[in-house]
Amino acid sequence: MNNQQEQVSIKGTKEGLLIALSPSEEWLSITKELAEKLDEQSAFFSGAKVTIDVGARPVPKYELSSLKALLERRGMLLSLVRSESETTLASANSLDLRTFAIDNSHLEDTKIPQRDRDNDDRGDKPIDSEEAGTQGVMVKRTLRSGRTVHSRGHVVVFGDVNPGAKIIAAGDVIIWGKLRGMVHAGAEGDDSVIVCALDMNPNQLRIADHIVTSPSEHQRQVMPEVAFVRDNQIVVEAWT
Amino acid sequence: MGARVITVTSGKGGVGKTTTTANISVALSRLDQRVVMLDADIGLRNLDVVTGLENRIVYDIVDVVEGRCNLKQALIKHKQFPSLYLIPAAQTRDKTAISPADMLDIVAKLKPEFDFIIIDSPAGIERGFRNAVAPADEVIIVTNPEVSAVRDADRIIGLLEAENKEPGKLIINRLKPDMVKKGEMLSADDITDILALDIIGIVPEDEFVIPASNSGVPVTLNEDSKAGLAFQNIARRLLGQNVPLMDLEQQPGFFRRLVKLFNG
């Protein structure tokens, strides 16, 4: 698995983002790379809760606090620090951050999963004719105002997406219900994704870099529709 | 057994939480229920004013929590309705003066003595809201037929879901049937379409409400008030009676005859 040692790996988890920083590289070069990676997809990361994993690296308080500030400037919240170094854990404690002490064996798990990976992580298991598929999130209830769902894969909602709720996904967004909130599909730049809903009436819809708002409601027909990008703009068609 | 604990909340301010709390409580007490109202809006207490009990306050809920008096001493008995009591909020402190655990504690002590504990929640989604809903068995969400109030109600329902509370019942307050008819105001259907909650009452806009609140005599005592009747109906529904939602197109005189018909 360690074919190339990445300095920075960013992974979406249930609790938010897990950012693993290489324990060996130069700290300044790591934070620079982190900042660049985050800025590439700032819309996607903004608002995320972050767990930082620094492995065995002893991180002094001033470095940790500048890392925290770096995240906060991008609208992200550092909520947990994982490390096996006592120094790092002490720094985190003095900054009132939650900590999680780890041992070496977990470090192997902190690589980014590739979005369209064809191979399962457990390479020794033969893959038969089953589709490998892409990771996604299934939400089995109505998303009410104030709720946000982040995913680096697809999002499926079995329920409505109410005004004031937000879905940000790197992949497709499929809503088995009414869409009246905000959806950003292809948030990492992929404009080949689709958004579909049984009743498509989002207050704003984004696919990759494209944005549309719903036309004001006059005699809108309620029917399943799908939105996608064609000729550099978002179009909505009947979902058949 | 013990009391049913019902919290009245809304998210948005000014939609009529306190008016609802006062009127439902008075209406329940007139139906021979033992009711205590608990004002959780610390720092901005109003429930005592609209129920005409302001000048009777000696101790408040913060005094109870901080041990300056016992619970019985903070209970104010309503003279006109002997089965109705109030525990007032403090006016000088803020929401952090009490915690959700304090609320659970107070409610647990009140439960054996009453049939209903009605908690008036402050606006917002912060500490005051969490204090108010912590002990609730049931939640009543008050909203107005306007988009911002419905949006905030939706947020509140989401927060209650996250705490695994029962989904709650909806009161639509200050509805103007003629505006709904002209399509200028959200209808009850528009609102339930988004919130997906059962409606326990629709209270029409009514010019009797504000003078009633100002004089400390809740509007539900006014036999000419449609809003007052709506609150009576909500109290009946809380007791499990099957009272149909009233037809807001009709004249008030007709309602009174209808109510008399039902009540004999």
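Keep in mind that this is a model prediction, so the values were computed, not measured.

Hey, could you go over the confidence of the model for chain B for me, with residue numbers and the actual values?
For chain B, mean pLDDT is 92; residues scoring 70 or higher make up 94% of the total. Across the assembled chains, the prediction reports ipTM 0.75 with pTM 0.69.

Quick one: what's the story with the nonpolar core, residue by residue and with numbers?
Judged by nonpolar contacts, the single largest core of 57 residues is most densely connected at B:I24, B:L28, B:I140, B:I141, B:L195, B:I234 and B:L238. At seven residues, the largest contribution of residues to this core is made by helix 11 (residues 226-238) of chain B. For B:L238, the contacting residues outside a window of four places in its chain are B:R4, B:I6, B:I24, B:L28, B:E138, B:I140 and B:I200. Core analysis: the next-biggest nonpolar cluster, separate from the first, contains 29 residues, A:L17, A:A35, A:V59 and A:L78 among them.

Can you tell me about the sheet that holds strand 1 (residues 8-13) of chain A, naming the residues and giving the values?
Residue and element names in this part refer to chain A. Across the sheet, which stays open at both edges, the five strands sit in the order 1-2-3-4-5 with mixed pairing between neighbours. Lying at the two open borders of the sheet, with one neighbouring strand each, are strand 1 and strand 5 (98-101). Going across the sheet, the axis of each strand differs from the next one's by a mean of 25°, ignoring polarity. Packing of helix 1 (residues 27-40) onto the sheet brings it into contact with strand 1 and strand 2 (16-21), and relative to strand 1 it is tilted by some 45°.

Would you mind going over helix 4 (residues 86-94) of chain A in detail, with residue names and values included?
All names here are of chain A. Buried residues of helix 4: T88, L89, S91 and A92, and no others. The buried residues of helix 4 occupy an angular sector of 160° when the element is viewed end-on, so they sit on one face. Summarising the contacts, the buried residues of helix 4 are in contact with helix 3 (61-73), strand 4 (77-83) and strand 5. With a side-chain oxygen positioned 3.2 Å from the backbone nitrogen of T87, the residue opening helix 4 is S85. Looking one or two residues past helix 4, D96 carries a phi angle of roughly 60°, positive in sign.

About the thresholds
Residues numbered from 1 in each chain as written. Chains lettered and ligands numbered in written order. Predicted model: local features only at pLDDT ≥ 70, side-chain atom pairs only at ≥ 80, totals over all residues. Heavy atoms only, no water. pLDDT = per-residue confidence, 0-100. Core = buried A, V, L, I, M, F, W, Y, C linked by side-chain atoms within 4.5 Å. Buried < 20%, exposed > 50% of the residue type's maximum accessible area, 1.4 Å probe, protein only. Helix = DSSP H or I, 4+ residues; strand = E, 2+ residues; numbered from the N terminus. Contact = heavy atoms within 4.5 Å. Pairing = 2+ DSSP bridges. Axes fitted to C-alpha atoms, helices over the stretch in contact; angles between N-to-C directions. Arc of directions from axis to C-beta. Polar contact = N/O pair within 3.5 Å; in protein donor to acceptor, adjacent residues only side chain to side chain.

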